[in-house]
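Below are the chains, spelled out letter by letter.
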Amino acid sequence: MRNACKERFKIYRKENSGVSDSRNFGALKATGNLIFFLDADDIIKVNCLEILNDLVDKNPSCSVFCGNFEIIKKDSVLIPKFCKLDRTCNISNTFKQIYFGNIFLRAGNTLIDKEVFLEIGGFKKNLSFYEDVGFFLDLVRSNNVVYTPEVIFSYEQEYTYLSKNVAALSKDWSYSVSFQNKSIYEKLIISTIIYASWKKRINNGNHSTANKLFYKHIKYIPLIIISKLLTIRDRF
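Residues numbered from 1 in each chain as written. Predicted model: local features only at pLDDT ≥ 70, side-chain atom pairs only at ≥ 80, totals over all residues. Heavy atoms only, no water.

Colleague: Would you mind going over helix α9 (residues 221–230) with me for this structure?
Modeller: Because the α-helix completes a turn every 3.6 residues, residues three or four places apart line up on one side. Turning to α9, its buried residues number three or more, namely I221, L223, I224 and S227. End-on view of α9: buried residues confined to an arc of 160°, all on one side of the axis. Seen from the buried face of α9, the exposed residues on the opposite side, beyond 90 degrees, are P222 and L229. The inward-facing, buried residues of α9 contact α3 (94–99), α7 (184–203) and α8 (207–216). (Buried < 20%, exposed > 50% of the residue type's maximum accessible area, 1.4 Å probe, protein only. Helix = DSSP H or I, 4+ residues; strand = E, 2+ residues; numbered from the N terminus. Arc of directions from axis to C-beta. Contact = heavy atoms within 4.5 Å.)

This is how it looks when you write it as structure tokens:
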């Protein structure tokens, strides 16, 4: 790959310092104006970047561009279209759209203006569990999102073993996150993540850290319960 792509791609190697620091490292090395992240369990469609670039050309004043995706397992499509919104548009009330599953931003389906990425400080390098959710919430809080319903990548669920183990609470975004000065729909998203982290810890037998997570946010337990009751399907 190094020889075949040396004129178009630059490959960097660095000591393992966690997913967040590695993403920030790559973004700083990038020489273009746009950033696109891809995880090991994602496969982009042939026209993925073409579709996203078309959104950029048609919406030059926007900074965040995302598409739909499918979830597959051993060549079988489990969810053909993860996001429910079925039209191309500039998103308004972004947190509401994310909470109800109309759109979803993640590595593999989101193109980001590099300047905006640097302005919000990138990923928090001390976090490695739900750090991506925290980053994308920071991203859309002050930046417009353009969305297309076209499926631009596949998420391979069979590789979820890559992230089965839960991280220490000190590296878990759901433990450090604050509800202060957040809109109601952002609070509902945060609540959903806290519940997801708590559930994973219980399922993995990490009852001690699950209890600590519970008591850290005990003031918001009613909201966490409401968020779970309103959620149609697990998204995190």
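Colleague: Is there a simple way to explain the packing of helix α5 (residues 131–141) against α7 in this structure?
Modeller: Relative placement of two packed helices is described by the angle separating their axes and the distance separating the axes. Viewed as axis vectors pointing N to C, α5 and α7 meet at an angle of 175°, and their least axial separation amounts to 12 Å. Judged by the inter-axis angle, α5 sits roughly antiparallel to α7. Packed against α5, whose contacting residues are V133, L137 and R141, the element α7 presents E186, I189, I190 and I193 at the interface. When the residues that make up the contact of α5 with α7 are grouped by side-chain class, the tally is five nonpolar, no polar and two charged. (Axes fitted to C-alpha atoms, helices over the stretch in contact; angles between N-to-C directions. Parallel < 35°, antiparallel > 145°, perpendicular 65-115°, else oblique. Nonpolar A, V, L, I, M, F, W, Y, C, P; charged D, E, K, R; others polar.)

Colleague: Can you walk me through the packing of α7 against α9 in this structure?
Modeller: It is at 8 Å that the axes of α7 and α9 come closest, and there the two elements cross at 90°. Relative to α9, the element α7 lies roughly perpendicular. Residues I184, K187, L188, S191, T192, I194 and Y195 of α7 pack against L223, I224, S227 and K228 of α9. Residues that form the contact of α7 with α9 fall into these classes: six nonpolar, three polar and two charged.

Colleague: Teacher, can you tell me more about the pattern of salt bridges here?
Modeller: Two side chains that carry opposite charge are able to pair once their charged atoms sit near each other. Within the structure shown, the criterion is met by 11 salt bridges. Note that D42 is salt-bridged to R106, the shortest N-O span being 2.7 Å. Of this pair, D42 sits in strand β2 (residues 42–44) while R106 sits in the loop between α3 and β6 (110–113), placing them 64 residues apart in sequence. There is no split in this pair, since D42 and R106 are both buried. Among the charged side chains, a network of salt bridges with common partners joins R23, D39, D42, R106 and E131. (Salt bridge = Lys/Arg side-chain N within 4 Å of Asp/Glu carboxyl O.)

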